[in-house]
Amino acid sequence: MSQITLIHGSCADQSVDVIVNAANRNLRAGGGICGVIFRKAGYADLTAECVKYKLPLNDGDAVLTSAGRMRNAKAIIHAVGPNFGITPNAFKELYGAYYNSLKVMMENGYHSISFPLISSSIFGGNLENPVGESTKQCCRAYQRFIADYPDYTINVLLCAFTADEMQRAQIAFDEYNG
């Protein structure tokens, strides 16, 4: 039976098939969780895999690479979340980043995935509650995915890194799944 769970922690530390990187359009090492994932996987190796894709990607796109030196995952999905500071109404693209990640996971035969709160920090722009919006879009994508693929069992971990993020995400998670 498929499930989605909100946890307090880093998506990069979870033992899952696939860890999701909140990627930029050019799949370059960045700050935040992106920098953490590149460091853990190995900058040079992960960069070499990323540049094989036709870049830049579009907001909402998701692509797969190996997990490099990471031993707690088999692969990394790089999901491009929108920058709400540039595109203030990019809710469809944020949803797409989550949903497309789930599809890429399934297409590669994986069943467990850990997400960061995509577009909830610096890419949150002027959203009133970027953590809540990201949580809601993840839950929407999960619900749509299990409706579209009822026979494919998945385990989704949505990871809130800070205590404040966890508190905000919990409210949105409970509202959506309550």
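Scroll up for the structure.
Residues numbered from 1 in each chain as written. Predicted model: local features only at pLDDT ≥ 70, side-chain atom pairs only at ≥ 80, totals over all residues. Heavy atoms only, no water.

Enquirer: Help me out: how do you make sense of the overall build of the protein in this one?
Expert: When helices and strands are counted, the protein shows five helices and six strands. Whereas a compact globule of 178 residues would reach a radius of gyration of roughly 16 Å, the protein reaches 15 Å, a difference of no more than 12%. Considering only C-alpha atoms, the protein reaches an extent of 40 × 40 × 30 Å along its principal axes. Residues counted as buried form 53% of the 178 residues belonging to the protein. Of the roughly 8500 Å² of accessible surface on the protein, 49% is carried by carbon and sulfur atoms. Charge centroids of the protein, computed over 15 positive and 16 negative side chains, lie 7 Å from each other. (Helix = DSSP H or I, 4+ residues; strand = E, 2+ residues; numbered from the N terminus. Rg over C-alpha atoms; globule rule 2.2 N^0.38 Å. Buried < 20%, exposed > 50% of the residue type's maximum accessible area, 1.4 Å probe, protein only. Areas by Shrake-Rupley, 256 points an atom, 1.4 Å probe, with all protein chains shown as cover. Lys, Arg positive; Asp, Glu negative; His and termini not counted. Charge placed at Lys NZ, Arg CZ, Asp CG, Glu CD.)

Enquirer: Hey, could you run me through the packing of helix 3 (residues 91–107) against helix 4 (residues 130–148) in this one?
Expert: As a packed pair, helix 3 and helix 4 sit with axes 8 Å apart at the nearest point and diverge in direction by 45°. Classified by the interaxial angle, the pair formed by helix 3 and helix 4 is oblique. The handedness of the crossing between helix 3 and helix 4 comes out as right-handed. Of the residues in helix 4, those touching helix 3 at Phe91, Leu94, Tyr95, Tyr98, Tyr99, Leu102, Lys103 and Met106 are Glu133, Ser134, Gln137, Cys138, Arg140, Ala141, Tyr142, Arg144, Phe145 and Asp148. A breakdown of the residues in the contact of helix 3 with helix 4 according to their chemical character gives eleven nonpolar, two polar and five charged. (Axes fitted to C-alpha atoms, helices over the stretch in contact; angles between N-to-C directions. Parallel < 35°, antiparallel > 145°, perpendicular 65-115°, else oblique. Left-handed = near helix turned anticlockwise from the far one by under 90°. Contact = heavy atoms within 4.5 Å. Nonpolar A, V, L, I, M, F, W, Y, C, P; charged D, E, K, R; others polar.)

Enquirer: What should I look at first to understand the nonpolar core in this one?
Expert: Side chains that are nonpolar tend, in soluble globular proteins, to be buried together. Core analysis: the largest hydrophobic core is formed by 40 residues, its most contacted members being Ile77, Ile113 and Phe115. Looking at this core, the element that brings in the most residues is helix 3, giving nine residues. In this view, Phe115 contacts Cys11, Val20, Tyr98, Ser101, Leu102, Cys138, Val156, Leu157, Leu158 and Cys159; residues no more than four positions away in its chain are not counted. The next biggest cluster of nonpolar side chains, apart from the first, holds 23 residues, and it includes Leu27, Ile37, Cys50 and Leu157. (Core = buried A, V, L, I, M, F, W, Y, C linked by side-chain atoms within 4.5 Å.)

No statement about biological role is implied by the geometric values presented.
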